Amino acid sequence: MLELDEVTAGYGATPVLREISLRVDSGEIAALIGANGAGKTTLARVLTGLLPLRAGTIRLDGARIEHLAPDARLSRGLALVPEGRQVFATLSVAENLRLGAQAVRRRLGAARVAALEAEMFALFPMLAERRASPAGALSGGQQQMLAIGRALMSAPAVLMLDEPSLGLAPLLVADVFALIGRLREGGLSILLSEQNARQSLAIADRGYVLERGVVALSGPARALADDPGVAARYLGLGGTARADPAREAALTERLRCVLHP
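Let me sum up the structure you'll find in this document. (Residues numbered from 1 in each chain as written. Predicted model: local features only at pLDDT ≥ 70, side-chain atom pairs only at ≥ 80, totals over all residues. Heavy atoms only, no water.)

Where like charges cluster on the molecular surface, the negative patch consists of Glu-3, Asp-5, Glu-6 and Glu-19. The topology assignment puts Glu-6 in strand S1 (residues 2-11). (Patch = residues over 30% accessible without salt bridge, like charges linked within 9 Å, V, L, I, M, F, W, Y side chains within 5 Å. Areas by Shrake-Rupley, 256 points an atom, 1.4 Å probe, with all protein chains shown as cover. Salt bridge = Lys/Arg side-chain N within 4 Å of Asp/Glu carboxyl O. Lys, Arg positive; Asp, Glu negative; His and termini not counted. Charge placed at Lys NZ, Arg CZ, Asp CG, Glu CD. Helix = DSSP H or I, 4+ residues; strand = E, 2+ residues; numbered from the N terminus.)

One way to put it is that helix H7 (residues 140-152) packs onto helix H8 (residues 170-185) with a least axis distance of 10 Å and a crossing angle of 15 degrees. For the element pair H7 / H8, the angle class is roughly parallel. In terms of crossing hand, the pair formed by H7 and H8 is right-handed. Two secondary-structure elements touch here, H7 through Gly-141, Gln-144, Met-145, Ile-148 and Leu-152 and H8 through Leu-172, Asp-175, Val-176, Leu-179 and Leu-183. (Axes fitted to C-alpha atoms, helices over the stretch in contact; angles between N-to-C directions. Parallel < 35°, antiparallel > 145°, perpendicular 65-115°, else oblique. Left-handed = near helix turned anticlockwise from the far one by under 90°. Contact = heavy atoms within 4.5 Å.)

Read from one edge to the other, the open sheet built from 6 strands follows the order S6-S7-S8-S3-S9-S10, with strand pairing classed as mixed. Edge strands, defined here as strands with exactly one partner in the open sheet, are strand S6 (78-81) and strand S10 (214-220). Between one strand and the next, the sheet's axes are offset by a mean angle of 15 degrees, whatever the strand orientation. For strand S7 (residues 158-162) and strand S8 (residues 189-194), the ladder comprises 5 bridges, and the chain directions are parallel. Looking across to S8, one finds that Met-160 is bridged to Leu-191. On top of the sheet, H7 reaches S6 and S7; it is set at about 170 degrees to S6, its chief contact. (Pairing = 2+ DSSP bridges.)

This is the structure:
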């Protein structure tokens with residue numbers, strides 16, 4: 001579905017990503033985990049076309065897309081939920097959602113766009129209740145749901161999420177990850193870029209550990225989750241900075257209950 005082969009990119013003379021190879025198959029979640037500064041957001045910019053490649057290829061459904069402009073990639077089915085949500089604060093919830101379909105409105109048609117908007121309000125009832133409210137008046141969790149809904153309005157084949165849990169309370173984090181799992185169950189392919197390794201790997205099919213711009217480790221998500229060295233070696237969570245195991249276990253159990261009621 002989405003495949004990167006030896007992608008190298010950076011800013012100015014400094015390479016940030018070096019020979020990145022990864023894939024997201026149809027109907028699966030691939031988790032891209034790593035510490036802050038590992039290159040996850042840079043990779044999102046490369047995939048959306050905001051940062052050009054220096055080398056390598058990007059394929060979507062077998063066709064190369066690294067030469068395409070951002071709007072063309074979106075039209076092909078590659079959508080991003082950016083870090084920090086980046087909703088339009090003064091526009092209403094409904095207006096934010098409709099903007100998500102702007103680049104594909106002609107291809108989808110007015111009836112399909114209207115149906116997608118109705119689907120988003122069914123998927124996110126709290127947004128339906130606030131559809132006329134300015135997006136800036138929503139809570140952080142509601143804004144994250146709005147950002148996800150806005151990306152889904154383009155009817156993507158592959159959804160990229162850049163740090164969707166950033167700044168959210170633990171219970172909201174569990175809800176966001178549960179939603180991501182349900183989207184995958186609906187057939188959507190997802191590239192999940194996160195610092196929250198445990199929760200990401202709990203719902204992912206495969207995982208990639210990004211360290212200083214290179215893929216340091218990859219494999220089945222369950223195998224990475226069970227590797228006691230992943231957090232300590234690659235995410236800087238060893239020693240006194242290690243997360244509370246009881247709290248992590250409680251969040252993971254909540255996630256499983258929401259995904260499999």
